[in-house]
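What the coordinates show
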Amino acid sequence: MVISLLLGLGAGGVWWWKQRLVSEQPAAVAVQVEQPVTTPVALGPEDAGATPTAANTAPTNAAAPTAAAPLVADPLKSAGLSRAAIRIDGPLETAVVAAAGPEVGPALAQVVTRTLVWWVDVPGDIRRGDTMDVLYEVRPGEEPLVHAVRFTSNKTGQTHRAYRFQPAGDTSPRYYLPSGEELELRLENSPLDDYEQVTSLLRDGRRHKGVDFKTAVGTPVKAPFTGIVRRKNWSFRYNGNCIELEEVGGKHRRALFLHMDELPRSLKVGDRFAVGTVLGRSGNSGRSFAPHLHYQLEAGDERVLDPYESHRTYRRSLAATQRSSFDTELRRLDGLLGTALAGG
């Protein structure tokens, strides 16, 4: 027992001595601190020579702000216009419908033909591979309104352009060539001093017998030559208010004016009118879908004549004071046309 007691006291002394040594050392505490790892932010040219600081560094675990992409406005939509990029490989109307869609295409083909006829015969001179860019405005319940046309013809070997423009002071817009001349030819001794547009010609492929001038109701209609009234208001259901004037002397041509406004009560068969005298006023009577004047010329043997071959013709040009405004509009429309076909 004495030996056991001595052994126990020895073990206890050893344990006491170790605990004393441990109590004399500082305690170590394990703490894990997450230090942000920073990466330099790219410096712009204006920051040349600057050193990265806390202001221009960012933690890698922080989401970089994403700038929203700026919205780019569609220039055509902003202008309220649509465009058709057309390649002709068959009938003109088929190509226009394919480009503009079945709802707008048929009417657009008719409207754009009114510009093409001043450059080529339609459809005879239309060739496969011809191209056309058209800027147009869709109008509910009305035919589309063409603002610009660019037509590359294999027949003429040229690119033709026309732009809709209304000079200050004019009552209606017209189509102009880049030169500032009007697209449409005018007739000397025309039955109308002014009008908005020629909407039908003998050479436009519609087999129409006359020229249709789009003009407001009430526009004065004048005698293109000195003549005598031979008929009035025949076939009223179709012709509406109408006059037939026979030329005195000369070639004995006959001029027919259809869809007029109500004729003066004083006008009688046999009345004589000198060239340039007012016969009546344009209207929208008979089988007419919009205000216009139908002007038809016939030879003495009743052959239909083309007024643009029987009359002398000329083109008006913009006044010098209008050129700056026109050139600005031309550049705007050319910019919109340029988005239709690359390299067109």
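Relevant structure appears above.
Let us look at the structure shown here. (Residues numbered from 1 in each chain as written. Predicted model: local features only at pLDDT ≥ 70, side-chain atom pairs only at ≥ 80, totals over all residues. Heavy atoms only, no water.)

1. Let's talk about helix 3 (residues 92-100)
Worth spelling out the cut-off: Three labels apply to residues, based on accessible area from a 1.4 Å probe with only protein chains included: buried if under 20% of the type maximum, exposed if over 50%, partly exposed otherwise in between. The helix and strand labels rest on DSSP assignments: H or I over at least four residues marks a helix, E over at least two residues marks a strand, and numbering proceeds from the N terminus. Arc definition: it is the arc formed by the directions from the helix axis to the C-beta atoms. In this description, contact between two residues means that some pair of their heavy atoms is separated by no more than 4.5 Å.
Inspection of helix 3 places L92, A95, V96 and A100 among the buried residues, and these make up the whole buried set. Down the axis of helix 3, the buried side of the element spans an arc of 110°, and every buried residue falls inside it. Exposed residues pointing more than 90 degrees away from the buried face of helix 3 are listed as T94 and A98. For helix 3, the secondary structure elements touched by its buried residues are strand 3 (82-87), helix 4 (105-116) and strand 4 (131-137). Backbone geometry just downstream of helix 3 places G101 in the positive-phi region, at approximately 100°.

2. Focus on the layout of surface pockets
So the rule is basically this: Cavities and pockets were defined on a 1 Å grid built over protein atoms only: a cavity is a set of grid points that admits a 1.4 Å probe from which the probe cannot escape, a pocket is an open set flanked by protein on both sides within 12 Å along at least five of seven lines, and lining residues are those with an atom within 4 Å of any such point. Grid points are joined across faces, edges and corners, and a volume is the space filled by probe spheres set on the points. The nonpolar class holds Ala, Val, Leu, Ile, Met, Phe, Trp, Tyr, Cys and Pro. Asp, Glu, Lys and Arg form the charged class, and all remaining residues, Gly among them, are polar.
Within this model, the largest pocket holds a volume of roughly 920 Å³. Lining the largest pocket are 28 residues, and of these T199, R206, D212, F289 and H292 sit closest to its centre. Listed by contribution, the elements that provide at least two residues to the lining of the largest pocket are helix 4, strand 10 (211-214), helix 5 (236-239), strand 14 (254-260) and strand 17 (292-298). In the lining of the largest pocket, the residues fall into eight nonpolar, nine polar and eleven charged. Space inside the second largest pocket adds up to approximately 300 Å³. Lining the second largest pocket are 17 residues, and of these A109, Q110, T113, D204 and R206 sit closest to its centre.

3. Points about helix 7 (residues 323-338)
The criterion, for reference: One fewer than the residue count of a helix, multiplied by 1.5 Å, yields its expected span.
Compared with an ideal rise of 1.5 Å per residue, which puts 16 residues at 22 Å, helix 7 spans 22 Å between its outermost C-alpha atoms and is within 8% of the ideal. Considered for burial, the residues of helix 7 that qualify are F326, E329, L330, L333, L336 and L337. Axial view of helix 7: buried residues confined to an arc of 125°, hence all on one face. Facing away from the buried side of helix 7 by over 90 degrees, the exposed positions are S324 and R331. Residues of helix 7 that are buried in the fold lie against helix 2 (75-79), strand 4, strand 5 (145-153), strand 6 (158-165) and strand 7 (174-176).

4. Notes on empty space enclosed by the protein
Considering all chains together, one arrives at one cavity of 30 Å³ or more under this definition. The wall of the largest cavity is formed by 14 residues, among which L145, R164, Y175, E196 and Q197 lie closest to the centre. Classifying every residue of the lining of the largest cavity gives six nonpolar, one polar and seven charged.

5. Brief notes about the sheet that holds strand 7
Across a sheet, strands are paired by hydrogen bonds formed along the backbone, either parallel or antiparallel in direction. The line we're drawing: By this definition, two strands are paired if DSSP reports at least two bridges between them. Every axis in this analysis is a line fitted to C-alpha atoms, fitted for helices over the stretch in contact. Angles between the N-to-C directions lie between 0 and 180 degrees.
Spatial ordering of the open sheet is given by 3-4-5-6-7, a layout of five strands whose pairing is antiparallel. Of all the strands in the sheet, the pair left with one neighbour each is strand 3 and strand 7. Adjacent strand axes in the sheet meet at a mean angle of 15°, parallel and antiparallel pairs treated alike. Looking at chain direction, strand 6 and strand 7 are connected through three bridges and run antiparallel. Of the residues in strand 7, the one forming a bridge with F165 is R174. Helix 3 rests against strand 3 and strand 4 of the sheet, and its axis sits at about 135° to strand 3. On top of the sheet, helix 7 reaches strand 4, strand 5, strand 6 and strand 7; it is set at about 120° to strand 6, its chief contact.

Shape is all these values report; function is a separate question.
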